[in-house]
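So the chains spell out like this:
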Amino acid sequence: MPAKDEGKDPKKKSATVCGFPISIFFIVVNEFCERFSYYGMRAVLVLYFKYFLRWDDDFATTIYHTFVALCYLTPIMGAIVADSWLGKFKTIVYLSIVYTVGQVVLAVSAIHDITDTNRDGTPDNMTLHIVLSMLGLALIAVGTGGIKPCVSAFGGDQFQDHQEKQRGTFFSIFYLSINAGSLLSTIITPILRGQECGIYTKQKCYSLAFGVPAGLMVASLIVFIVGSGMYIKTPPQGNIMVKFFTCIGFAIKNRFRHRTNEFPKRTHWMDWAEEKYDKLLIAQVKMVLKVLFLYIPLPMFWALYDQQGSRWTLQATNMDGDFGILTIQPDQMQTINAILILLLVPIVESVIYPLIAKCKINFTPLRRITVGMFFAALAFIAAALVEIQIETRSVHDYFRPANVDNYDKSVLHYQEIFISLQPEILLLPSIKKDIEKCPPARFFNGLDSDLNVTIGNLDFGDVSANNMSVYVGVPKGSAQFKIKSAAEECVYTQELGFGSSFTLIIPPTFLECNLLIRPVLDMEQNSFHMAWQIPQYFLLTLGEVVFSVTGLEFSYSQAPSNMKSVLQAGWLLTVAVGNIVVLIVAEAATLQDQWAEYVLFASLLLVVCVIFAIMAYFYTYIDPAKIEAEFAQIDPKQKEKRRNSRKDSVEQHKEERRSSDSSYDNEEQKQTRI
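Because the structure is a prediction, the values reported are computed rather than measured.

(A) Broad picture of the pairing of strand S11 (residues 501–506). Burial of S11 is extensive: six of the six residues sit out of reach of the surface. Burial of S11 is two-sided: the residues Ser 501, Thr 503 and Ile 505 facing one way and the residues Phe 502, Leu 504 and Ile 506 facing the other way are all buried. Inspection of the sheet shows strand S5 (residues 441–445) paired to S11 by five bridges, in the parallel sense. Across the sheet, Phe 443 pairs through a bridge with Leu 504, a residue of S11. With five bridges connecting them, S11 and strand S12 (residues 518–523) associate as antiparallel partners. Looking at the pairing, Ile 505 lines up with Arg 518 of S12.

What follows is the structure, given as structure tokens:
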């Protein structure tokens, strides 16, 4: 049952500043804070799964894309609730509260101290952290998705009919606030994640990285509520999506009821809704279905695009982020996308498209979408080439000495000992997949007594005789290890590069430990730079600009005046389905190499690109306004006459059938009696 009203006259005049309603400033600030909160949380999410919850890359990718898919499935629910029941204002407030609670729960789940009873820096009850994380993400998905279709439309409601110019400017500022929130959050939250925090032990501060977005969401909600008295609140008037689906449902049901050959065929299967619905609504539904049919191949583009936050971020963890004066975190590479969007949109719109037009090339919207998919496929081929370089950087024997000149047979002797003691180290190539789980240095104690090894505040613990210590993470640079035995002590210096891993072999005597200790290179320094990811980000962002902006423009131009929201919901649904495609491929494909998965996704998109090009070739562009005008000119009495005529025709067929059946039954009874 729709709400009576949202408490305000929709025709009231709002106070203005420079011709703009004051209320829209609250809405713009609200959107900036909300987008900062969402993209900031999402930027570090896959690394939280991998390094805090200790999930492998595939499972972290699966959960990440499940979350994104839910975020793009819930907008349909939000639109229906807002237009049919609560109205936009109440829907935004209620779901923002759900959203805020979700962000707070997620931030709490990232506090390792709450279950670290033995104070070793590792949560002892990981199940609790996982449950809280999943609960928080579920609430966030409902909240962010539910308010997505409401906020921009609510902002548009604040303008009067004579403020068309100001309304257009508002939408430009609104989308600028989205990009600004996204850009700043993807820079700031990875920096916050890189800090160390904790009550008992210091660990990567995921709680702070999630806590700041939670604070921004609280601010977003407060700002929006503060402006309540200034808003124009339009009461709910029924949701066009409900009418859209009920019209389709009736047409299918009616067609099924009259599926026999005795009923005359109709031009289009939607014409079977004429007994109940107006011809104008049916024509509008036909136009929408025609565009939605073209949407079928589009999810494949989003399947590739949204892997920026999952696979590409994980790829960056295995690359060198040292840019000289600053070090880039793996999750900060996503910032390139936001920066390139701001640069490429005006260049493409103002330079590229006009040049193509001057060359007399008919670069239609559907052709642009096809080209956008092609660029995305090229981006994943570039990502595959980068991955090949990463995976081939350590093809050596993992037990060769780092200093070949000082190599001697004693090293081989101790290598044989610790290989026999710890055979799992033969799996060392996996280190390059997970640097944080397999930190870079460990010691083999070749003495007859126990050793204690420390570096600063880091302690390798007591290493027993003829045994191996655990790996301990050591900052890159010149590391000075203090080695103590019962009788002697020395300091050993080893240069550690980014991503390198060493086993340091201590011989039976080590008075001159810098001369006698043998470093064995488990994995080479990671010298392949993150800058090599820039080409793939450039290609993907160029594809996004050509694909996404054009797709929205095409959908708007081909949609009936009252069903643009239906196509917007359909567009968002393609994003959700695209993330589901990632889940299916990530789980179904049994590819051992990540580069092969990139090539698989690129190949799938190229196939889809060809299919879409064929579909686009046969598509006929329409003018929805012209079609709607034709139906609007039909006299209402004539519409009712046509509808009744259609009903009478159906009833006549039914009566003839009943009459025929009755005559047949009477004749059969006569024959039986005879």
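After that view of the structure, there is still more to cover.
(B) A look at the pattern of salt bridges. Taken as a whole, this structure holds ten salt bridges when the rule is applied. Between Asp 271 and Lys 286 there is a salt bridge; the shortest N-O distance is 2.7 Å. Taken as a pair, Asp 271 in the loop between helix H7 (240–257) and helix H8 (279–295) and Lys 286 in helix H8 lie far apart in primary sequence, 15 residues in all. Accessibility expressed as a relative area gives 8% for Asp 271, which makes it buried. By relative accessible area, which is 26% here, Lys 286 ends up partly exposed. When salt bridges that share partners are traced, they join Asp 58, Arg 311 and Glu 597 into one network.

(C) Quick peek at the state of the cysteines. Applying the stated criterion across every chain, the model contains one disulfide. Here Cys 197 pairs with Cys 205 through a disulfide, and the sulfurs are 2.0 Å apart. Around the S-S axis, the bridge from Cys 197 to Cys 205 shows a dihedral of about 100 degrees and counts as right-handed. Judged on exposure class, the residue Cys 197 and its partner Cys 205 are both buried.

(D) Local environment of a nonpolar patch on the surface. There is a patch of nonpolar side chains on the surface, built from Phe 374, Ile 381, Leu 385, Ile 388, Trp 595, Val 599 and Leu 606 and spanning about 550 Å² of accessible area. Of all the elements in the fold, those that place two or more residues in the nonpolar patch are helix H12 (365–391) and helix H17 (594–617). With four residues, the single largest contributor to the nonpolar patch is H12. Here Ile 381 lies in helix H12. Looking at Ile 381, the relative accessible area reads 37%, which means it is partly exposed.

(E) Representation of the sheet that holds strand S8 (residues 467–468). Spatially, the four strands line up as an open sheet ordered S8-S5-S11-S12, and their pairing is mixed. A single partner strand is all that each edge strand has here, and the edge strands are S8 and S12.

(F) Up close: the packing of H12 against helix H15 (residues 534–558). Contact geometry for H12 and H15: axes closest at 7 Å, N-to-C directions at 160 degrees. Relative to H15, the element H12 is oriented roughly antiparallel. Relative to H15, H12 is oriented so that their crossing is left-handed. For the contact of H12 with H15, a count of residues per class yields 17 nonpolar, five polar and two charged.

(G) Inspection of the confidence of the model for the chain at higher detail. Averaged over every residue, the pLDDT of the chain is 80; residues scoring 70 or more account for 82%. Across residues 1–11, where pLDDT falls below 50, the model places 25 contacts with residues more than four positions away in sequence or in other chains. Counting contacts from residues 656–674, a segment whose pLDDT is below 50, to residues more than four positions away or on other chains yields one contact.

(H) Highlighting the packing of helix H5 (residues 164–194) against helix H11 (residues 335–358). Two elements in contact, H5 and H11, have axes separated by 8 Å at closest approach and are oriented at 150 degrees. Accordingly, the angle class assigned to the pair H5 and H11 is roughly antiparallel. As H5 runs across H11, the sense of the crossing is left-handed. Counting all contacts with H5, which are made through Asn 179, Ser 182, Leu 183, Thr 186 and Ile 187, the residues of H11 involved are Thr 335, Ala 338, Ile 339, Ile 341 and Leu 342.

Thresholds, definitions, all that
Residues numbered from 1 in each chain as written. Predicted model: local features only at pLDDT ≥ 70, side-chain atom pairs only at ≥ 80, totals over all residues. Heavy atoms only, no water. Buried < 20%, exposed > 50% of the residue type's maximum accessible area, 1.4 Å probe, protein only. Helix = DSSP H or I, 4+ residues; strand = E, 2+ residues; numbered from the N terminus. Pairing = 2+ DSSP bridges. Salt bridge = Lys/Arg side-chain N within 4 Å of Asp/Glu carboxyl O. Disulfide = S-S within 2.5 Å. Patch = residues over 30% accessible without salt bridge, like charges linked within 9 Å, V, L, I, M, F, W, Y side chains within 5 Å. Areas by Shrake-Rupley, 256 points an atom, 1.4 Å probe, with all protein chains shown as cover. Axes fitted to C-alpha atoms, helices over the stretch in contact; angles between N-to-C directions. Parallel < 35°, antiparallel > 145°, perpendicular 65-115°, else oblique. Left-handed = near helix turned anticlockwise from the far one by under 90°. Nonpolar A, V, L, I, M, F, W, Y, C, P; charged D, E, K, R; others polar. pLDDT = per-residue confidence, 0-100. Contact = heavy atoms within 4.5 Å.

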